[in-house]
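Report on the structure
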Amino acid sequence: MDAGAKNTGSITDEEVSVIRDTWKPVFKVKEETGVAVLVRFFTNTPSAKQYFDHIRDIQDPEEMRKNAQLKKNAVDTMTSLNMMVENLHDGDKVKGFFHQLGESHALQFKVDPSYFKIMSDVILEVLFETFPQVFSAASVKGAWSKLMNIMCSELNKVYTAVGWKSIKNSA
């Protein structure tokens, strides 16, 4: 994948194969995995709940897990990741995906881009813990870490391109 990720390197064909193969069992249980990711994200980073009216005041992780809107967001998150994984061979399509995701989160949802790195770290933690039989090899962890770094880098480029000014900088 060349997706314009010159600073972080590109993903090799071998890494694309590893990512796709290891993604299959994850996507089979997309709701459960996505819920685990979001609950951990919101539990570890409560400030991120400010962007989600439906869970803003929920403190209990079990209550979050049962929330229908969180489940929908979880499936949407995993479906977006699936789109990225399935199109790694097509740099233009992936770049378009990053552009759309970054633009909507910057302009429509006004999400601080620092949350992408936190979310990508949580995604990796959950995948490595939940699917140890698939995600234990160093080569698998390396490929996924590289993909998440590229994703964060590309999303930050979109934020810059749309003229994002953080709340801290504009105060």
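Only a predicted model underlies this, so the values are computations on that prediction, with no experimental measurement involved. (Residues numbered from 1 in each chain as written. Predicted model: local features only at pLDDT ≥ 70, side-chain atom pairs only at ≥ 80, totals over all residues. Heavy atoms only, no water.)

With that out of the way, let us pick up the overall build of the chain. Scanning the chain from terminus to terminus reveals nine helices and zero strands. Going from the N terminus to the C terminus, the chain shows its helices and strands as α-α-α-α-α-α-α-α-α. Scaling as 2.2 N^0.38, a compact globule of 171 residues should have a C-alpha radius of gyration of about 16 Å, and the chain matches this with 16 Å. For the C-alpha atoms alone, the extent of the chain along its principal axes is close to 45 × 40 × 20 Å. Residues classed as buried in the chain amount to 42% of the 171 residues present. Long-range contacts, defined as pairs at least 24 residues apart, comprise 74% of the intrachain contacts of the chain with a sequence gap of at least 6. Counting only carbon and sulfur atoms, one obtains 52% of the accessible surface of the chain, whose full area is about 9100 Å². Across the chain, the centroid of the 21 positively charged side chains sits 2 Å from that of the 22 negatively charged ones. (Helix = DSSP H or I, 4+ residues; strand = E, 2+ residues; numbered from the N terminus. Rg over C-alpha atoms; globule rule 2.2 N^0.38 Å. Buried < 20%, exposed > 50% of the residue type's maximum accessible area, 1.4 Å probe, protein only. Contact = heavy atoms within 4.5 Å. Areas by Shrake-Rupley, 256 points an atom, 1.4 Å probe, with all protein chains shown as cover. Lys, Arg positive; Asp, Glu negative; His and termini not counted. Charge placed at Lys NZ, Arg CZ, Asp CG, Glu CD.)

A few words now on the packing of aromatic side chains. Across all of its chains, the model carries 12 aromatic pairs by this definition. Measuring from ring centre to ring centre gives 5.8 Å for tryptophan 23 and tryptophan 144, while their planes differ by 35°; the resulting arrangement is tilted. Here tryptophan 23 is found in helix α1 (residues 13–28), whereas its partner tryptophan 144 is found in helix α8 (residues 138–161), with 121 residues between them in sequence. Each member of the pair, tryptophan 23 as well as tryptophan 144, is classed as buried. A ring pair is formed by tyrosine 51 and tyrosine 115, whose centres lie 5.6 Å apart and whose planes are at 80°; its orientation type is edge-to-face. You can see tyrosine 51 sitting in the loop between α2 (30–44) and α3 (61–66) and its partner tyrosine 115 sitting in helix α6 (residues 114–130), a full 64 residues away along the chain. Through a chain of ring-to-ring contacts, three or more aromatic side chains come together here, namely Trp23, Phe27, Phe128, Phe131, Phe135 and Trp144. The residue whose ring lies beneath lysine 30 is phenylalanine 27, and the NZ or CZ to ring-centre distance is 4.7 Å. Its end group placed over the ring of phenylalanine 128, lysine 141 keeps NZ or CZ at 5.3 Å from the ring centre. (Phe/Tyr/Trp six-rings, centres within 6.5 Å; stacked < 30°, edge-to-face > 60°. Lys NZ or Arg CZ within 6 Å of the ring centre and 35° of its normal.)

It is worth spelling out the nonpolar core at this point. Residues Ile19, Phe42, Leu70, Met84, Trp144, Leu147 and Met148 are the most contacted members of the largest nonpolar core, which totals 48 residues. Breaking this core down by element, the ones donating at least two residues are α1, α2, α4 (68–86), α5 (91–108), α6 and α8. Of the residues forming this core, the biggest block, 10 residues, is contributed by α8. (Core = buried A, V, L, I, M, F, W, Y, C linked by side-chain atoms within 4.5 Å.)

Turning our attention to the packing of α4 against α5. Look at α4 against α5: their axes get within 9 Å of each other, and the N-to-C directions meet at 155°. The pairing of α4 with α5 is recorded here as roughly antiparallel in orientation. Counting all contacts with α4, which are made through Ser80, Met83 and Met84, the residues of α5 involved are Lys93, Val94, Phe97 and Phe98. Here the contact of α4 with α5 is composed, by residue class, of five nonpolar, one polar and one charged. (Axes fitted to C-alpha atoms, helices over the stretch in contact; angles between N-to-C directions. Parallel < 35°, antiparallel > 145°, perpendicular 65-115°, else oblique. Nonpolar A, V, L, I, M, F, W, Y, C, P; charged D, E, K, R; others polar.)

Right, let's talk about the confidence of the model for the chain for a bit. Model confidence for the chain is summarised by a mean pLDDT of 91, while 91% of its residues fall at 70 or above. Contacts from residues 1–8, a stretch scored under 50 in pLDDT, to residues over four places away or in other chains number 24 contacts. Note that residues 167–171 has pLDDT below 50 and, in this model, one contact with residues that lie over four places away or in other chains. (pLDDT = per-residue confidence, 0-100.)

Now for the packing of α1 against α4. Running from N to C, α1 and α4 point in directions that differ by 155°, and their axes come no closer than 10 Å. With respect to their mutual orientation, α1 and α4 come out roughly antiparallel. Note that α1 runs across α4; the crossing there is left-handed. Residues Ile19, Arg20, Trp23, Val26 and Phe27 of α1 form the contact with α4, whose own contacting residues are Met78, Thr79, Leu81, Asn82, Val85 and Glu86. (Left-handed = near helix turned anticlockwise from the far one by under 90°.)

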